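Architecture and fold: a report
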Amino acid sequence: MVTGSLAVIDMQRVFADPDSPWAAPRFTEAAQGVRRLLPAFGDRVTFTRFLAPEKPTGAWRRYYEQWPFALQPPDAPLWQLTDEFAAGARHVLDAPTFGKWTPALAARLGPEGRLVLAGVSTDCCVLSTALAAADAGVEVLVVSDACAGADDASHERALQVMELYAPLIRVVTVKDLTGD
């Protein structure tokens, strides 16, 4: 079994639906990587969901002026985890922020203090979570083939940026972790 805890970032319908303005074109490939990782972590998996705030404040007001379709309540279909992950998601963390490094996620780490990240989008929520966790002194492993970006170039650039934070952040593959 792999050490640490797995955070599966925002595998939600809004990022999976090809007709969504926030679609991650390689969502399906990221989902395949996530599926391969899940058995290695058992109960040490946290799924996260990005949600719109009830009332945006600060710079978020301008953000949601650009993306008004997203101002929907937490139970709206677009915010749901995709069907393949919803059924097995025992621990779900909701946040109205890109970064999911919260006290609740920190509490899920356990004594190893290692956080393994997968999900979408590499260049937004995964990146924001990785940097905040690394700043807190957590060892972060980002699983490149279990993540997807807004596009391939953004995915690659985000991975390159995170590699600059070594040894706090390391970019790995599913095979690196599981041997599969």
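To start, this report covers the structure provided alongside it. (Residues numbered from 1 in each chain as written. Predicted model: local features only at pLDDT ≥ 70, side-chain atom pairs only at ≥ 80, totals over all residues. Heavy atoms only, no water.)

With 5 of 5 residues buried, strand β1 (residues 5-9) lies mostly within the body of the structure. Where β1 lies against strand β4 (residues 114-120), 5 bridges are found, and the strand directions are parallel. Paired with Leu 6 across the two strands is Val 116, which belongs to β4. In this structure, β1 lies alongside strand β2 (residues 45-50), joined through 3 bridges in parallel fashion. When the bridges of β2 are listed, Ala 7 appears paired with Thr 46. (Buried < 20%, exposed > 50% of the residue type's maximum accessible area, 1.4 Å probe, protein only. Helix = DSSP H or I, 4+ residues; strand = E, 2+ residues; numbered from the N terminus. Pairing = 2+ DSSP bridges.)

With that out of the way, let us pick up the packing of aromatic side chains. Inspection of the entire model under this criterion finds 16 aromatic pairs. Ring geometry for Trp 22 against Phe 69: centres 5.0 Å apart, planes inclined by 75°, an arrangement best described as edge-to-face. On the criterion of sequence distance, the pair formed by Trp 22 in the loop between α1 (13-16) and α2 (27-41) and Phe 69 in the loop between α3 (59-66) and α4 (83-86) is long-range, its members being 47 residues apart. Of the residues examined, Trp 22 reaches a relative accessible area of 11% and is grouped as buried. Judged by relative accessible area, which is 26%, Phe 69 ranks as partly exposed. (Phe/Tyr/Trp six-rings, centres within 6.5 Å; stacked < 30°, edge-to-face > 60°.)

For the rest of this paragraph, the subject is the environment of Asp 75. Take Asp 75: it is sitting in the loop between α3 and α4. Taking relative accessible area as the criterion, Asp 75 reaches 62% and is therefore assigned exposed. Distance in space between the C-alpha atoms of Asp 75 and Ala 7 is 21 Å, their sequence separation being 68 residues.

With that out of the way, let us pick up the sheet that holds strand β5 (residues 139-148). Strand-to-strand pairing in sheets goes through backbone hydrogen bonds, with the strands running parallel or antiparallel. Read from one edge to the other, the open sheet built from 6 strands follows the order β3-β2-β1-β4-β5-β6, with strand pairing classed as parallel. In this open sheet, the two strands that pair with only one neighbour each are β3 (92-95) and β6 (169-172). Strand-to-strand twist across the sheet, computed as the mean angle between neighbouring axes with direction ignored, equals 25°. When β4 meets β5, the two strands line up parallel, connected through 6 bridges. In the strand pairing of β5, Gly 119 is matched with Cys 147. Docked against the sheet, α2 engages β1, β2, β4 and β5, running at close to 135° with respect to β5. (Axes fitted to C-alpha atoms, helices over the stretch in contact; angles between N-to-C directions. Contact = heavy atoms within 4.5 Å.)

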